[in-house]
Amino acid sequence: MAGISAYGAYVPRLRLARSAIAAAHQWSDPSFKGKGKGERAIANWDEDAITMAVEAARDCLAHGAAPGPEASASLDALYLASTTLPFADRQNAGIVATALSLDGQRRTLDITGSQRAGTTALLEALHAVSGPYSDQALVVGTDKRPAKVASAGELAYGDGAAALLVEEGEGLLTFLAGVTETTDFVDHFRGAGEAFDYTWEERWIRDEGISQIVPEAVNAVLAKAGVEASAIDHFIFPSTIGRAADGVAKSVGIKAEALGDNLSATLGECGTAHALVMLSHLLEGGLKPGALVLVAAFGQGCDALLFRATEAAAAPQGKLGVRGHLALGKTSDNYMQYLAFNDLVTLEKGMRAERDDYKTALSVTYRKRDMLLALEGGKCTQCGTLQFPRTDICVNPQCGAHHTQEPHSFRDSKASVLTWSADYLTYIPNPPSHYGMITFEDGGRFMTDFTDVDVGELDVGTPVKMMFRIKSRDGLRGFVRYFWKAVPQRGQDA
Amino acid sequence: MARGIKDKVAILGMGCSRFGERWESGAEELMVEAYEEALLDAGIDGSQLDAAWFSTHYEEINVGKGGLPLATALRLPNIAVTRVENFCASGSEAFRGAVYAVASGACDIALALGVEKLKDTGYGGLPGSLGGTLNAQWAATGSAPGNFAQLASAYRAKHGVSRKDLKRALAHISVKSHANGAKNDKAHLRKPITEEQALNAPMIAEPLGLFDCCGVSDGAAACIVTTPEIAKQLGKERIVTVKALQLSLSNGSEAGHNSWDGSYFHTTRIAARKAYEEAGIKKPREEVSMFECHDCFSVTELVTMEDLQLSAEGGAITDVLDGFYDAEGTIPCQIDGGLKCFGHPIGASGIRMLYEMYLQLSHRAGPRQLDAPRIGMTHNLGGSPMSNVAAVCIIGAAE
């Protein structure tokens, strides 16, 4: 028996009001006039599918009932689902695993190539745990979908990620059955090396694709578990096509009230992550024990998974989750900033942005992977001083012992601002550049970049937490460097 | 402590190019300009030099690496030339090499020359630095103003100073340096400014505005040193000797250990203490006649007043606003305009500071001449508040 035992999510802080997108395009296409409702999540310039995956995984693993990453000795697999991973050939799941200190003898894999990659990853994990192949697996769905300016996707998509922990036993949601239907129905595609999707007519996708393929998979999973469609309490089926989920529910006999919030008004559609995002969102509200949950996702076929809620699902786990992150959002109507962050407009960045110093010494990246990806510093076993980075000689002027430091990760440590400035001179895609010294509550400090920070928000003593972010991009060679940055703690986050 | 070098080395001659946007000159021409003045002042020719130390920071936009650029530009007589680089304190490092060579007896006459040609980048301000293959992967994205602006946040928190009061003191510092620089025909920036101009200038890095930042200038400065005996033999009058020369470098504790509060320069305090000891100075506030400090940014000057033990801790704002460091004040500071207005050609700045102290002690400072100064001090700093090189040098009339 396998079940989902913990959940978590990440939604970037920035929300772009759809009215700003609509206003920008009305001049050329009057139909945008009626499309300015709600808002969508947009990643900051230093966020991508990997950084969001790390944060969703931390939310899933760090709080509540699930063990922290260090304690996850039984976690033996990490599945990363996305079609917008930054590396085509360098395992992206390996980066996420290292950032979480989950590298080593564990199975890590990228699952990609279809909008149902998220549910496929979940299904694979459930099958592995149901069998003798895995004890505990982390499934992360993440997407930052590129969209052409003035496309339907620009309005519909949202950037985000969700993570689910799968393990032996009933969990919060016990896995009852799963079915995969594979059909090469090309509703849209993105050729290898292409920047954007190419999409066919919506009515054809709905009538010939979704309405035909999804019910088959749903009916098959219901039959497999011996459950009537009318007994389903919650039906999760993401689609950017209006009323597609209602149509499927109606055709198979699932009651209308089983359809929950698809988050299009507040978040947008997160691609491969969205089924997992909606599932996390559902679990965050607490579920009636015994409730039946059906999750389906469409993409060159359909995955359908059936679960039953246990007693443990009644109370929320205290994750930040989708709800927590939505509450921490900052709405913006700065469409130009969105274009700039996503490299959709050619900006004059000034000569300071020209420096070609972004070639990365990969031998250094490897040698220091625990420092750079897992924020691992040292703890002196002689004087107890925490320090970053870890070095051969203790930084404490009163100690100075040689070769005494054991690894210590600052990833989850609380910190506060010691010094700061907002710098308008340095080139950064989101000026001004905020940086300064932070000190960790239990010791240790370093000069860090701040991100997701508003002008005037920082002060000496401001509490911050660490987040995994893009440090810089090497456009010439297509490499992305990751490191950790400090973000002010806000609201229920604090 | 070691016996030190007090009065073992004399300044035989000094020279300094005009600082500024020297579009017409390269580093080579600037070096020659400073060198010729120094030779003339010393009353020697190049064949009498035994060795030279050459300081420049950005070799990539200046003249390349090594000692060859100096040896070649000045056609030196095939003597040893060593290039030194220690951030913005590089000039003091070149001076230290020449002074120690003479003090040791290895050389009779040695040259220290620093140069920086910054205005060949195509934009204002300093180019960024990489800091190596590892630092590039994690060090915060910063600029010099942003790094030094960090001091303001910690200083305000520690001493309970409002942003408004701090900004007023910083404005006074810049107004004073502009007034001084206006009297210096070699200075880069020669226009006086008002407190309102300083307060309302465009923001560079909170809370530092445009007038809180020093000039980015081209320039060179040179110093020829020898023993007091040889200086006397060569007919030098009013001989100025080195009283103390101390450097202190961060070892990572400010950046990595929670014992530092971010509001002061740990190294400046150490270098100053050692320099006063070497020079035999017991009460700096009473004994130092004048000084040039590393005013790369107004806030650096403010906290340095305290680090040099000239103002009490937390007392610099009051001293600054009282005019204690103005040209007419008790201890005039940046009499030549400082980095702020004379300018900051990085590799030259440490020697430029000595140039003004030397002129003042030689009673040759023209319209800026102070009344009978005895002890002049320079403070030359490189790096950032959390990791830096601090050099303190004290010179005065030979005893």
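Residues numbered from 1 in each chain as written. Chains lettered and ligands numbered in written order. Predicted model: local features only at pLDDT ≥ 70, side-chain atom pairs only at ≥ 80, totals over all residues. Heavy atoms only, no water.

(A) Layout of the overall build of chain A. The helix and strand inventory of chain A stands at 12 helices and 23 strands. Radius of gyration (C-alpha) of chain A: 23 Å, near the 23 Å computed for a compact globule of 494 residues. Evaluated residue by residue, chain A yields a buried proportion of 57% over its 494 residues. The long-range fraction of contacts in chain A, counting pairs at least 24 apart against all pairs at least 6 apart in sequence, stands at 73%. Approximately 19600 Å² of chain A is accessible, and the part contributed by carbon and sulfur atoms is 50%. Charge centroids of chain A, computed over 47 positive and 60 negative side chains, lie 3 Å from each other. (Helix = DSSP H or I, 4+ residues; strand = E, 2+ residues; numbered from the N terminus. Rg over C-alpha atoms; globule rule 2.2 N^0.38 Å. Buried < 20%, exposed > 50% of the residue type's maximum accessible area, 1.4 Å probe, protein only. Contact = heavy atoms within 4.5 Å. Areas by Shrake-Rupley, 256 points an atom, 1.4 Å probe, with all protein chains shown as cover. Lys, Arg positive; Asp, Glu negative; His and termini not counted. Charge placed at Lys NZ, Arg CZ, Asp CG, Glu CD.)

(B) Summary view of the overall build of chain B. Looking only at helices and strands, chain B features 14 helices and 11 strands. For chain B, the spread of C-alpha atoms along the three principal axes comes to 55 × 45 × 40 Å. Residues counted as buried form 65% of the 399 residues belonging to chain B. Pairs at least 24 apart in sequence give 79% of the contacts found in chain B among residues at least 6 apart. Total accessible area on chain B is roughly 14000 Å²; 50% of this is exposed by carbon and sulfur atoms. Across chain B, 37 positive and 47 negative side-chain charges occur, with their mean positions spaced 2 Å apart.

(C) Up close: the domain arrangement of chain B. Residue and element names in this part refer to chain B. According to the domain assignment, chain B consists of domain 1 (10-119 + 218-233) and domain 2 (144-212 + 243-397). Here the C-alpha centroids of domain 1 and domain 2 sit 24 Å apart. The interface is formed by 42 residues belonging to domain 1 together with 30 residues belonging to domain 2. Counting the surface lost from both domain 1 and domain 2, the interface buries some 2600 Å², and carbon and sulfur atoms represent 71% of this. Contact with domain 2 buries area across many residues of domain 1, yet Met 14, Phe 19 and Cys 88 alone supply 25% of it, more than any other trio. At the surface where domain 1 touches domain 2, the tally comes to two salt bridges. With a closest N to O distance of 3.2 Å, Arg 364 and Asp 41 form a salt bridge. Run the count over domain 1 and domain 2 and you get 11 residue pairs in polar contact (both at pLDDT 80 or more). Elements supplying a minimum of two residues to the side of domain 1 that touches domain 2: strand 1 (10-16), helix 1 (27-42), helix 3 (90-104), strand 4 (110-116) and strand 7 (219-226). Element by element, the count of residues in the side of domain 1 that touches domain 2 is highest for helix 3, at nine residues. (Domains from an automatic or database assignment. Buried area = accessible area lost by both parts, 1.4 Å probe. Salt bridge = Lys/Arg side-chain N within 4 Å of Asp/Glu carboxyl O. Polar contact = N/O pair within 3.5 Å; in protein donor to acceptor, adjacent residues only side chain to side chain.)

(D) Structural view of the sheet that holds strand 3 (residues 39-41) of chain A. Residues and elements named next belong to chain A. Pairing within the open sheet is mixed, and its three strands lie in the order 3-2-14. The sheet is open, and its two borders are formed by strand 3 and strand 14 (330-332), each paired with just one other strand. For this sheet, the mean inter-axis angle between neighbouring strands, taken without regard to orientation, is 35 degrees. Examined bridge by bridge, strand 2 (residues 14-17) and strand 14 share three bridges and lie parallel to one another. Bridged to Arg 15 within strand 14 is Thr 331. Across the sheet, helix 1 (residues 18-25) lies against strand 2 and strand 3, angled at about 45 degrees from strand 2, the strand it touches most. (Pairing = 2+ DSSP bridges. Axes fitted to C-alpha atoms, helices over the stretch in contact; angles between N-to-C directions.)

(E) Structural context of the sheet that holds strand 16 (residues 386-387) of chain A. All names here are of chain A. Strand order across the open sheet formed by three strands is 16-15-17, with antiparallel pairing between neighbours. Looking along the sheet, the strands with just one partner apiece sit at the ends: strand 16 and strand 17 (405-409). Relative to strand 16, strand 15 (residues 376-380) runs antiparallel, the two being bridged by two bridges. When the bridges of strand 16 are listed, Lys 379 appears paired with Leu 386.

(F) Layout of the domain arrangement of chain A. All names here are of chain A. As assigned here, chain A comprises domain 1 (2-341) and domain 2 (351-375 + 410-493). For domain 1 and domain 2, the distance between their C-alpha centres works out to 28 Å. On the side of domain 2, 31 residues touch domain 1, which itself brings 30 residues to the contact. For the domain 1 and domain 2 pair, buried surface summed over both sides reaches about 2700 Å², with 51% attributable to carbon and sulfur atoms. Sorting the residues of domain 1 by area buried against domain 2 places Arg 13, Trp 45 and Arg 58 first, and these three jointly supply 26% of that buried surface.

(G) Structural detail: the interface of chain B and chain A. Taken together, the contact pairs 43 residues of chain B with 46 residues of chain A. Carbon and sulfur atoms supply 60% of the area that chain B and chain A bury against each other, a total of about 3500 Å² over both sides. Along the contact surface separating chain B from chain A lie 24 residue pairs in polar contact (both at pLDDT 80 or more). For the side of chain B that touches chain A, the elements supplying multiple residues, two or more each, are helix 4 (144-159), strand 5 (203-205) and helix 8 (253-256) of chain B. The dominant element in the side of chain B that touches chain A, judged by the number of residues it contributes, is helix 4 of chain B, at eight residues.

(H) View of the nonpolar core. In this structure, Leu 78, Leu 138, Phe 450, Phe 468 and Tyr 482 of chain A are the most contacted members of the largest nonpolar core, which totals 58 residues. In terms of residues, this core owes the most to one element, helix 2 (residues 49-62) of chain A, which gives nine residues. Both domains that meet at this core, namely domain 1 (2-341) and domain 2 (351-375 + 410-493) of chain A, each give it at least three residues. Setting aside chain neighbours within four positions, we find Leu 78 of chain A in contact with Ala 93, Val 96, Ala 97, Leu 100, Leu 102, Arg 107, Thr 108, Leu 109 and Leu 138 of chain A. If you look at the next biggest cluster of nonpolar residues, it comprises 49 residues, including Phe 148, Ala 271, Phe 291 and Phe 297 of chain B. (Core = buried A, V, L, I, M, F, W, Y, C linked by side-chain atoms within 4.5 Å.)

(I) Focus on the packing of aromatic side chains. On inspection of all chains with the given rule, the structure shows 24 aromatic pairs over all chains. Through a chain of ring-to-ring contacts, three or more aromatic side chains come together here, namely Phe 388, Phe 410, Phe 440, Phe 446 and Phe 483 of chain A together with Trp 138 of chain B. Sitting over the ring of Phe 87 of chain A, Arg 90 of chain A keeps its end group 4.8 Å from the ring centre. Geometry around Phe 324 of chain B places Arg 285 of chain B over its ring, the cationic atom sitting 4.0 Å from the centre. (Phe/Tyr/Trp six-rings, centres within 6.5 Å; stacked < 30°, edge-to-face > 60°. Lys NZ or Arg CZ within 6 Å of the ring centre and 35° of its normal.)

(J) Examining unusual backbone geometry more closely. All names here are of chain A. Pro 389 follows Phe 388 through a cis peptide bond whose omega is -5 degrees. In this fold, Pro 389 is placed in the loop between strand 16 and strand 17. Of note in the backbone geometry, Gln 300 takes a positive phi value of approximately 50 degrees without being a glycine. Considering the arrangement of structural elements, one finds Gln 300 in the loop between strand 12 (292-298) and strand 13 (301-309).

(K) View of the confidence of the model for chain A. Per-residue pLDDT for chain A has a mean of 95; in total, 97% of the residues score no lower than 70. Within the model, the stretch residues 64-71 of chain A combines pLDDT values under 50 with 17 contacts to residues more than four positions away or in other chains. (pLDDT = per-residue confidence, 0-100.)

(L) Quick peek at the packing of helix 4 of chain B against helix 11 (residues 298-307) of chain B. Residue and element names in this part refer to chain B. At a minimum axis distance of 9 Å, the contact between helix 4 and helix 11 shows a crossing angle of 50 degrees. What the angle tells us is that helix 4 and helix 11 run oblique. When the axes of helix 4 and helix 11 are compared, the crossing they make is left-handed. Contacts between helix 4 and helix 11 involve Phe 148, Leu 151, Ala 152, Tyr 155 and His 159 from the former and Val 299, Thr 300, Leu 302, Val 303 and Glu 306 from the latter. Of the residues contributing to the contact of helix 4 with helix 11, the split by class is seven nonpolar, two polar and one charged. (Parallel < 35°, antiparallel > 145°, perpendicular 65-115°, else oblique. Left-handed = near helix turned anticlockwise from the far one by under 90°. Nonpolar A, V, L, I, M, F, W, Y, C, P; charged D, E, K, R; others polar.)

(M) Representation of a nonpolar patch on the surface in the model. All names here are of chain A. A surface patch of nonpolar side chains, about 530 Å² in accessible area, is lined by Val 186, Phe 189, Tyr 198, Trp 200 and Trp 204. Mapping Val 186 onto the fold places it in the loop between strand 8 (173-182) and strand 9 (188-189). For Val 186, a relative accessible area of 38% gives the class partly exposed. (Patch = residues over 30% accessible without salt bridge, like charges linked within 9 Å, V, L, I, M, F, W, Y side chains within 5 Å.)

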